[in-house]
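Here's the letter readout for the chains.
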Amino acid sequence: MKKISIIIPMYNEEEVAKTSYLRIKKVMEALNQYDYEMLLIDDGSSDHTMDLLTQIAKENPKVKVLSFARNFGHQSAVTAGIQYATGDAVIIIDADLQDPPELLPEMIALWEQGNEVIYGQRKARKGESAFKLLTAKMFYRTLNALSDVEIPKDTGDFRLVDRKVIDVVNAMPEHNKFLRGLFSWVGFRQKAYLYERQERYAGKTKYPFKKMWKLASDGIISFSTKPLKIVGGLGILTIILSIGILVYSLISYLFNLNQLTPGWTSIMVAITLFSGVQLLSIWIISEYIARIYDETRNRPEYIIAKKINFE
Ligand code: UDP
Ligand code: MG
């Protein structure tokens, strides 16, 4: 009997945890030709999520719970999930029921046809703020313009992944993983599964702007070095510009063209422009250095405080 692992990251999801579990369980029990396990990851919730998960795990031995020592973020929670999953296929799904569990049988059928990564791609997004839609669109545009691999747009982490691919991704030592990018980068037989993203069942988004920014910069930095090349381009551009200014002022001086110049404006423009460009460049470079630093420290990506239903 093939086994399917379902990974559900949860951060302060007391309003949806139980409903989400019940809906997924119903779908999986109807698929009785498969065995399943559910990996619920409590990403350092400060509400009653963990109490609910403990209770769920007590009722159902197929439910395994990992509880983090603090909030490590969505990508770390999913990373832990794929490392602990034992199934022949792994499904990653959000806790908030925006990705309907009722679609899982169709994804599993696509897997049985030989596809190795079936990623959910959103046809429509219901109930999301204009801000979220705009930033998401900008992000996928920028990412694809910059990165060397094609990362399908409008995809989140909702996907079914074959054991082969999971093993490949688990063997990668990198931190700050941008999982949806990695799952696309590895290749294998990829298949888009179009669906309509629903509204959040209850509760609020756990992705404030700060976390979105971190995800976006991880995505760009781990899949592209083009920003560093842009820094080089900016440098060359400003050098050309300053040579231009030099030539202009020499000509003005030699031919007495520009009597009234006290020099203040040009100096100020040059100083502010060039220091702006320099600071911007240093910032971009330091983003990469920060990631290198993070990799070399080699700290764990998450810390597990408690495990339930693991032997
Ligand atoms: N999540 C998490 N850790 C975090 C933030 C979010 O495990 O630090 C989980 C969250 O519980 C949910 C999923 O990641 O299951 C997606 O989060 P959310 O639905 O809030 O994001 P959105 O759909 O608004 O982008
Ligand atoms: Mg959501």
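Preceding this section is the structure that the text describes.
Quick look at the structure, then. (Residues numbered from 1 in each chain as written. Chains lettered and ligands numbered in written order. Predicted model: local features only at pLDDT ≥ 70, side-chain atom pairs only at ≥ 80, totals over all residues. Heavy atoms only, no water.)

1. Description of the overall build of the protein chain
Tallying secondary structure elements over the protein chain gives ten helices and eight strands in all. Over its C-alpha trace the protein chain gives a radius of gyration of 25 Å, far above what one expects of a compact globule, namely 19 Å for 311 residues. When its C-alpha atoms are laid out on the principal axes, the protein chain stretches across 90 × 40 × 40 Å. Sorting the 311 residues of the protein chain into buried and exposed places 47% on the buried side. (Helix = DSSP H or I, 4+ residues; strand = E, 2+ residues; numbered from the N terminus. Rg over C-alpha atoms; globule rule 2.2 N^0.38 Å. Buried < 20%, exposed > 50% of the residue type's maximum accessible area, 1.4 Å probe, protein only.)

2. Re the environment of Trp 283
Following the sequence through the fold, Trp 283 ends up in helix H10 (residues 264-297). Classification of Trp 283 as partly exposed rests on a relative accessible area of 42%. Note: C-alpha distance between Trp 283 and Val 16 (267 residues apart in sequence) is 39 Å.

3. Section: the layout of surface pockets
In this structure, the second largest pocket spans a volume of roughly 590 Å³. Along the wall of the second largest pocket there are 21 residues; nearest its centre are Phe 72, Ser 76, Asn 176, Lys 214 and Glu 301. Top element by residues in the lining of the second largest pocket is helix H8 (residues 209-223). It accounts for four residues. Partitioned by chemical class, the residues of the lining of the second largest pocket number five nonpolar, seven polar and nine charged. (1 Å grid on protein atoms, 1.4 Å probe; cavity = no way out; pocket = protein on both sides within 12 Å on 5 of 7 lines; lining within 4 Å. Points joined across faces, edges and corners; volume = space filled by probe spheres on them. Nonpolar A, V, L, I, M, F, W, Y, C, P; charged D, E, K, R; others polar.)

4. Observations regarding the packing of helix H1 (residues 17-30) against helix H2 (residues 49-59)
Relative orientation of the contacting elements H1 and H2 amounts to 30 degrees, with a least axis distance of 10 Å. When the interaxial angle is binned, H1 and H2 end up roughly parallel. The crossing of H1 and H2 is right-handed. On H2, the residues touching Ala 17, Lys 18 and Tyr 21 of H1 are Leu 52, Leu 53, Gln 55, Ile 56 and Glu 59. Of the residues that constitute the contact of H1 with H2, the class distribution is five nonpolar, one polar and two charged. (Axes fitted to C-alpha atoms, helices over the stretch in contact; angles between N-to-C directions. Parallel < 35°, antiparallel > 145°, perpendicular 65-115°, else oblique. Left-handed = near helix turned anticlockwise from the far one by under 90°. Contact = heavy atoms within 4.5 Å.)

5. Details of the site of ligand 1
The immediate surroundings of ligand 1 are formed by 19 residues, with Glu 13, Asp 43, Asp 96, Thr 205 and Lys 206 found nearest. Asp 43 is positioned such that a nitrogen or oxygen atom in its side chain is 2.6 Å from a nitrogen atom of ligand 1. One of the backbone nitrogen or oxygen atoms of Lys 206 is found 2.4 Å away from an oxygen atom of ligand 1. Expressed as a share of its isolated accessible area of 530 Å², the protein-covered part of ligand 1 is 96%. A per-class count over the shell around ligand 1 returns five nonpolar, five polar and nine charged. (Near = heavy atom within 4 Å. Polar contact = N/O pair within 3.5 Å; in protein donor to acceptor, adjacent residues only side chain to side chain. Areas by Shrake-Rupley, 256 points an atom, 1.4 Å probe, with all protein chains shown as cover.)

6. Quick word on the packing of aromatic side chains
This structure, assessed with the given rule, holds nine aromatic pairs. Where Phe 68 meets Phe 72, the ring centres are 5.7 Å apart and the plane angle is 90 degrees; that geometry is what we call edge-to-face. The exposure classification of Phe 68 matches that of Phe 72, with both residues buried. Pairing Tyr 84 with Phe 310 gives two aromatic rings, centres 5.4 Å apart and planes at 75 degrees, and the pair type is edge-to-face. Taken together, the residues span a long stretch of sequence, with Tyr 84 in helix H3 (residues 74-84) and Phe 310 in the segment after strand S8 (304-308) at a distance of 226 residues. Using a relative accessible area of 25% as the deciding quantity, one classes Tyr 84 as partly exposed. The partly exposed category is assigned to Phe 310, whose relative accessible area is 22%. (Phe/Tyr/Trp six-rings, centres within 6.5 Å; stacked < 30°, edge-to-face > 60°.)

7. Some words on the coordination of the magnesium ion (ligand 2)
Ligation of the magnesium ion (ligand 2) by protein atoms is provided by Asp 96 (OD) and Gln 98 (OE1), these donors lying 1.9 Å from the ion. Per residue, the accessibility class of Asp 96 equals that of Gln 98, and both read buried. (Donors = N, O, S within 2.8 Å, 3.2 Å for Na, K, Ca; no water.)

8. Digging into helix H4 (residues 104-112)
Among the residues making up H4, those that are buried are Leu 104, Met 107, Ile 108, Leu 110 and Trp 111. Down the axis of H4, the smallest arc covering the buried residues is 155 degrees, so these residues share one side. Next to the buried residues of H4 lie strand S1 (3-10), H1, strand S4 (89-92), strand S5 (117-125), strand S6 (155-162) and strand S7 (190-197). Immediately beyond the C-terminal end of H4, within one or two residues, lies Gly 114, with a positive phi of roughly 110 degrees. (Arc of directions from axis to C-beta.)

9. So, the sheet that holds S6
Here we have eight strands laid out as an open sheet, ordered S7-S5-S6-S4-S1-S2-S3-S8, and mixed in their pairing. Of all strands in the sheet, those with a lone pairing partner are S7 and S8, marking the two edges. Between one strand and the next, the sheet's axes are offset by a mean angle of 20 degrees, whatever the strand orientation. For S1 and strand S2 (residues 35-42), the ladder comprises eight bridges, and the chain directions are parallel. Bridge pairing in S2 places Ile 8 opposite Leu 40. Along the sheet face, H2 touches S1, S2, strand S3 (63-68) and S8 and points at about 155 degrees away from the line of S3. Its contacts with the sheet place helix H6 (residues 163-170) against S4, S5 and S6, and it is angled at close to 115 degrees to S6. (Pairing = 2+ DSSP bridges.)

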